[in-house]
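Listed below, chain by chain, are the residues.
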Amino acid sequence: MSVSERKFGVLPTGETVKIYHLENESGAFVEVTEFGALLVKLCVPDREGKLTDVVLGYDDLESYEVNGCFFGAVIGRSGNRIAGARFMLGDREVRLAQNENDNNLHSGPDGFEKKLWKVAEISQDKNSIVFNRISPDGENGFPGEFDVSVKYEFTEENELKIHYQGVCDEPTVGNMTNHSYFNLSGEGSGSAMDQYLTIHANYYTPVADSHSIPTGEYAPVEGTPMDFRTARQMGERINADFEQLKFTGGYDHNYVTDNYSKGNRRLIATAYSKETGIAMDVTSDCPCVQFYAANFVENEKGKNGHVYNQRDAFCLETQVEPNAVNVEDFHSPVLAAGEHYNSETSYRFYIKE
């Protein structure tokens, strides 16, 4: 196993940005950059042994400085949407930017995915790297100084582990995720909707309208196009005459995964490409996962001269429920002052015949 580095680009501030290459003994590898702690490449073998890059992204730093789709992004402090871009912490109202309709999306604008992180640790033995930054009090509206780190580890079993940790000196919100777009037939190969998906969830959180804020209830997936408890092609029912899918232009919904208890890492989803034989298991300690079918990607110029369009990939973003900070019955993302935030999600790749 080895970790190496090279120059990725230079920011308008004059700061040089490096990219880090984590390779295992088989030759499979991951590339991540200190700008945004972004996941840039994830190359694993297909059934013929050909290395296949299974995440969408860009070839250059300048594109990641824009990155309106959040390719490969570490999202923080809080992933997904917060209604009205405001919430209460005790007696204090916290106001965020309204960067999508009247709501806040992914703690933006210019969340963690647009910040320059520092390399805190590199382990050749574990084939891992830790990025760290101090999110200052009031950054993007969030209270308290948040000392946060993201660890990427790529194992000999072709498993990418992403470990989030942090601590804040005031009460705040911690709900971090990774917004990578997967296509298990390879980035740039066209639609991912013929690929198969299983989500271990009996319930999802329906949204009120096209602004994608949950109603606050859990709804059963049974008998609806939202049911992925057994493997189905993602595109099989995406255009069904079903109000939830019409609100969001396809799948962009939060699933409440089975067998959650705090700290319990378990298999929550599996995806599979019959074309390449590549399968991906998603394991997490989060209570929920957002399944997004890249409904709003359009004419996005990506890696290797490829152009990405609607439904050319899918995201599985582990999290608490969207707007959970404002819904008492959802899993709370609130961190007490001095409380340690600790969450891990992993993606394991293998060949399924």
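Cut-offs used in this document
- Residues numbered from 1 in each chain as written.
- Predicted model: local features only at pLDDT ≥ 70, side-chain atom pairs only at ≥ 80, totals over all residues.
- Heavy atoms only, no water.
- Helix = DSSP H or I, 4+ residues; strand = E, 2+ residues; numbered from the N terminus.
- Rg over C-alpha atoms; globule rule 2.2 N^0.38 Å.
- Contact = heavy atoms within 4.5 Å.
- Areas by Shrake-Rupley, 256 points an atom, 1.4 Å probe, with all protein chains shown as cover.
- Lys, Arg positive; Asp, Glu negative; His and termini not counted.
- Charge placed at Lys NZ, Arg CZ, Asp CG, Glu CD.
- Patch = residues over 30% accessible without salt bridge, like charges linked within 9 Å, V, L, I, M, F, W, Y side chains within 5 Å.
- Salt bridge = Lys/Arg side-chain N within 4 Å of Asp/Glu carboxyl O.
- Buried < 20%, exposed > 50% of the residue type's maximum accessible area, 1.4 Å probe, protein only.
- Pairing = 2+ DSSP bridges.
- Phe/Tyr/Trp six-rings, centres within 6.5 Å; stacked < 30°, edge-to-face > 60°.
- Core = buried A, V, L, I, M, F, W, Y, C linked by side-chain atoms within 4.5 Å.

Asks: Got a minute to help me understand the overall build of the chain in this structure?
Replies: The secondary structure content of the chain amounts to two helices and 29 strands. Over its C-alpha trace the chain gives a radius of gyration of 19 Å, about what one expects of a compact globule, namely 20 Å for 353 residues. Based on the C-alpha atoms only, the size of the chain along its principal axes is roughly 55 × 50 × 40 Å. Contacts in the chain between residues far apart in sequence, at least 24 positions, make up 65% of those at least 6 positions apart. Counting every atom, the chain has about 13,900 Å² of accessible surface; 44% of that belongs to carbon and sulfur. Here the chain contributes 31 positively and 55 negatively charged side chains, and the mean placements of these two sets differ by 1 Å.

Asks: Could you clarify how one ought to interpret unusual backbone geometry in this entry?
Replies: Across the chain, the bulk of peptide bonds are trans and the bulk of non-glycine residues have phi less than zero. The residue after Gly76, namely Arg77, is reached through a cis peptide bond having omega 5°. Cis geometry is adopted by the peptide bond preceding Pro109, which originates at Gly108 and carries an omega value of 0°. In this structure, Pro109 sits in the loop between strand S10 (104–105) and strand S11 (118–123). With phi around 55°, Asn304 is a residue other than glycine that occupies positive phi space. Within the fold, Asn304 resides in the loop between strand S25 (300–301) and strand S26 (307–308).

Asks: Explain a negative patch on the surface here, please?
Replies: A contiguous patch of negative charge, built from Asp137, Glu145, Asp147 and Asp169, is present on the exposed surface. Here Glu145 is to be found in the loop between strand S12 (128–135) and strand S13 (146–154). Overall, Glu145 belongs to the partly exposed group, its relative accessible area being 42%.

Asks: Would you take a moment to explain the sheet that holds strand S24 (residues 288–292) for this structure?
Replies: One key point about sheets: their strands pair by backbone hydrogen bonds, in either a parallel or an antiparallel sense. Strand order in the open sheet formed by five strands is S19-S18-S21-S24-S27, and the pairing between neighbours is antiparallel. The open sheet is flanked by strand S19 (219–220) and strand S27 (315–319), the only strands paired with a single partner. When S24 meets S27, the two strands line up antiparallel, connected through five bridges. Counterpart to Phe291 in the pairing with S27 is Leu316.

Asks: Hey, could you run me through the packing of aromatic side chains in this one?
Replies: The relation between two aromatic rings is expressed through the spacing of the ring centres and the mutual angle of the planes. With the rule as written, the count across this model stands at 19 aromatic pairs. Both rings, one in Phe71 and one in Tyr181, keep their centres 4.8 Å apart while their planes meet at 90°; by these two values the pair is edge-to-face. Of this pair, Phe71 sits in the loop between helix H1 (61–66) and strand S6 (74–75) while Tyr181 sits in the loop between strand S16 (177–178) and strand S17 (196–199), and the two are 110 residues apart along the sequence. For Phe71, a relative accessible area of 0% puts it in the buried group. Aromatic side chains Phe182 and Tyr347 sit 5.2 Å apart centroid to centroid with 40° between the ring planes, which places their arrangement in the tilted category. Remark: Tyr347 occurs in strand S29 (residues 340–351) and Phe182 occurs in the loop between S16 and S17; sequence separation between them is 165 residues.

Asks: What exactly am I supposed to notice about the pairing of strand S3 (residues 29–33) here?
Replies: The side chains of a regular strand alternate, residue by residue, between the two faces of the sheet. Where burial is concerned, most of S3 is hidden: five out of the five residues are buried. Burial along S3 is two-sided: Phe29, Glu31 and Thr33 and Val30 and Val32, pointing in opposite directions, are all buried. Direction of pairing for S3 relative to strand S4 (residues 38–45): antiparallel, over a ladder of five bridges. Looking at S4, one finds that Val30 is bridged to Leu42.

Asks: What exactly am I supposed to notice about the nonpolar core here?
Replies: Among soluble globular proteins, nonpolar side chains are generally buried collectively. Counting residues in each nonpolar core, the largest one holds 59 residues, and the members touching the most others are Tyr152, Tyr255 and Phe291. Per element, the largest residue contribution to this core is five residues, and it comes from S13. If near-sequence neighbours (up to four positions away) are discounted, Tyr255 is found in contact with Ile199, Ala201, Tyr203, Tyr204, Val221, Met226, Phe228, Pro287, Cys288, Val289 and Phe291.

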